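Reading the structure
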Amino acid sequence: MSSGIRTPVTVLGLGLMGSAIAKTFLAAGHPTTVWNRTAAKADALVEIGAKDAASVTEAVGAAPLIVVSLLDDDAVAKVLSAAGPALRGKVLVNLTSSTPEQSRARAEWADVHGVSYVDGAVMAVPQGLGTPDALLLYSGSESGYRTAEPALKALSEKGTYLGADHGRAAAFDAALVSVFWLSLFGVSMGIALAEAEGIRGSELVPFTPALIGLMPGLMAQTAAQVEADHYPADDTTISSAYEAFTTLRTIFAHHGIDTGVLDASGDVFRRALDSGYGADGLGRLVPVLGGGR
Ligand SMILES: NC(=O)c1ccc[n+]([C@@H]2O[C@H](COP(=O)([O-])OP(=O)(O)OC[C@H]3O[C@@H](n4cnc5c(N)ncnc54)[C@H](OP(=O)(O)O)[C@@H]3O)[C@@H](O)[C@H]2O)c1
């Protein structure tokens, strides 16, 4: 799989993400073999040059690099056990979302079966693969990653290897995606409030970059406070933030908008205040949540 040679690749799983992965490999010139439980999902890829394998074993035998994108770890276990000894000596890159513990257990399984195992996390939507915005994170077998790297660059030029712990990519994924999931509710609530106030959600859109632009700084400041276990109130205190937060809750409640998400956050603020951390900076919320070392 040296640079300049288009490595043959097999993709197991042709859901929305797996199909996009196979399509991106094909577009980059990789001979691509595909397999999916529901065989008809291979048809569109065969039309653009993929080879459809009749079984998992046949698919795995067709390439030195196997990329997996299935619903969850249970599906991965079922599909890989069907491949049997055909996997021995292969580089396996599993892009299925998993917990760090599932990734580490999968690595132990791979070790027993003679497979170079790389666990990956796709921090992109299917349409983003192969574009400059796509980010994929990998961890596990370094030699496996270095072997697969030239081909994996087709999916993301920004693909990053995070180290030998197979669970590390999944841990980065969960930590970063938690920001996304909670922001999703922020977006939903913001638009709900705007509409209740007679403002179209679209009127908010031009102002969102200013807010989202604060996030990297907040992440860096919070991380630095937790690493130093020191929580100075450089820009705001927990007490004053809680006052602003309470006003926000009042506005939502006035419009009859569900305050459940805010109330859960309010509980964390109150635990911090009850513990005497009112004069601290917001980084203090991390240990109050049970985080830190
Ligand atoms: N879509 C995204 O935006 C996105 C973004 C980042 C990460 N991901 C991750 O990528 C992975 C795939 O997501 P997706 O969006 O492609 O999901 P999806 O469209 O629901 O596809 C699921 C795939 O898993 C297969 N599958 C499910 N159960 C199976 C089983 N028991 N045995 C064999 N195959 C089974 C399905 O086969 P059938 O076709 O036969 O049902 C299909 O190929 C997930 O882990 C997801 O978290 C997705």
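Just above, that's the structure.
In this text, all values refer to a predicted model and were calculated from it rather than measured experimentally. (Residues numbered from 1 in each chain as written. Predicted model: local features only at pLDDT ≥ 70, side-chain atom pairs only at ≥ 80, totals over all residues.)

1. Focus on the site of the ligand
Surveying the vicinity of the ligand reveals 21 residues, the closest of which are Gly15, Met17, Arg37, Thr38 and Ser97. Going through the elements one at a time, helix H1 (16-27) and helix H4 (73-83) are the ones with two or more residues in the shell around the ligand. Within the shell around the ligand, the residues separate by chemical class into 10 nonpolar, 8 polar and 3 charged. (Near = placed C-beta within 6 Å. Helix = DSSP H or I, 4+ residues; strand = E, 2+ residues; numbered from the N terminus. Nonpolar A, V, L, I, M, F, W, Y, C, P; charged D, E, K, R; others polar.)

2. Considering the nonpolar core
Residues Leu12, Ile21, Val34, Leu65, Val67, Leu92 and Val93 are the most contacted members of the largest nonpolar core, which totals 54 residues. Top element by residues in this core is H1. It accounts for 5 residues. Once residues lying within four places of it in the same chain are set aside, the contact partners of leucine 12 are Trp35, Val56, Ala59, Ile66, Val68, Leu70 and Val79. (Core = buried A, V, L, I, M, F, W, Y, C linked by C-beta atoms within 7 Å. Buried ≥ 20, exposed ≤ 12 C-beta atoms within 10 Å, placed from the backbone. Contact = placed C-beta atoms within 7 Å.)

3. A short note on helix H5 (residues 100-112)
Spanning 13 residues, H5 covers 19 Å between terminal C-alpha atoms, matching the ideal 18 Å at 1.5 Å per step. The inward-facing, buried residues of H5 abut H4, strand E5 (91-94), strand E6 (116-122), strand E7 (136-140) and helix H7 (168-196). (Expected span 1.5 Å × (residues − 1).)

4. Quick word on the packing of helix H11 (residues 238-254) against helix H12 (residues 260-274)
The interhelical angle for the contact between H11 and H12, taken along N-to-C directions, is 155°, at an axis separation of 11 Å. Taken as axis vectors, H11 and H12 run roughly antiparallel relative to one another. Considering how the two elements wind past one another, H11 and H12 form a crossing that is left-handed. Every residue of H12 that contacts H11 at Ile238, Ser239, Tyr242, Phe245, Leu248, Arg249 and Phe252 is listed here: Leu262, Gly266, Phe269, Ala272 and Leu273. Per-class residue counts for the contact of H11 with H12 are 9 nonpolar, 2 polar and 1 charged. (Axes fitted to C-alpha atoms, helices over the stretch in contact; angles between N-to-C directions. Parallel < 35°, antiparallel > 145°, perpendicular 65-115°, else oblique. Left-handed = near helix turned anticlockwise from the far one by under 90°.)

5. Thoughts on the sheet that holds strand E4 (residues 65-68)
One open sheet accounts for 8 strands, arranged E3-E2-E1-E4-E5-E6-E7-E8; its pairing is mixed. The sheet is open, and its two edges are formed by strand E3 (51-52) and strand E8 (160-161), each paired on a single side. As paired strands, E6 and E7 are joined by 5 bridges and run antiparallel to one another. Its bridge partner lying in E7, valine 118 is registered against glycine 140. Contacting strand E1 (9-12), strand E2 (32-35), E4 and E6, H1 runs over the sheet at an angle of about 165° to E1. The strands that helix H6 (residues 142-152) touches are E1, E4, E5, E6, E7 and E8; relative to E6, the one it contacts most, it runs at about 55°. (Pairing = 2+ DSSP bridges.)

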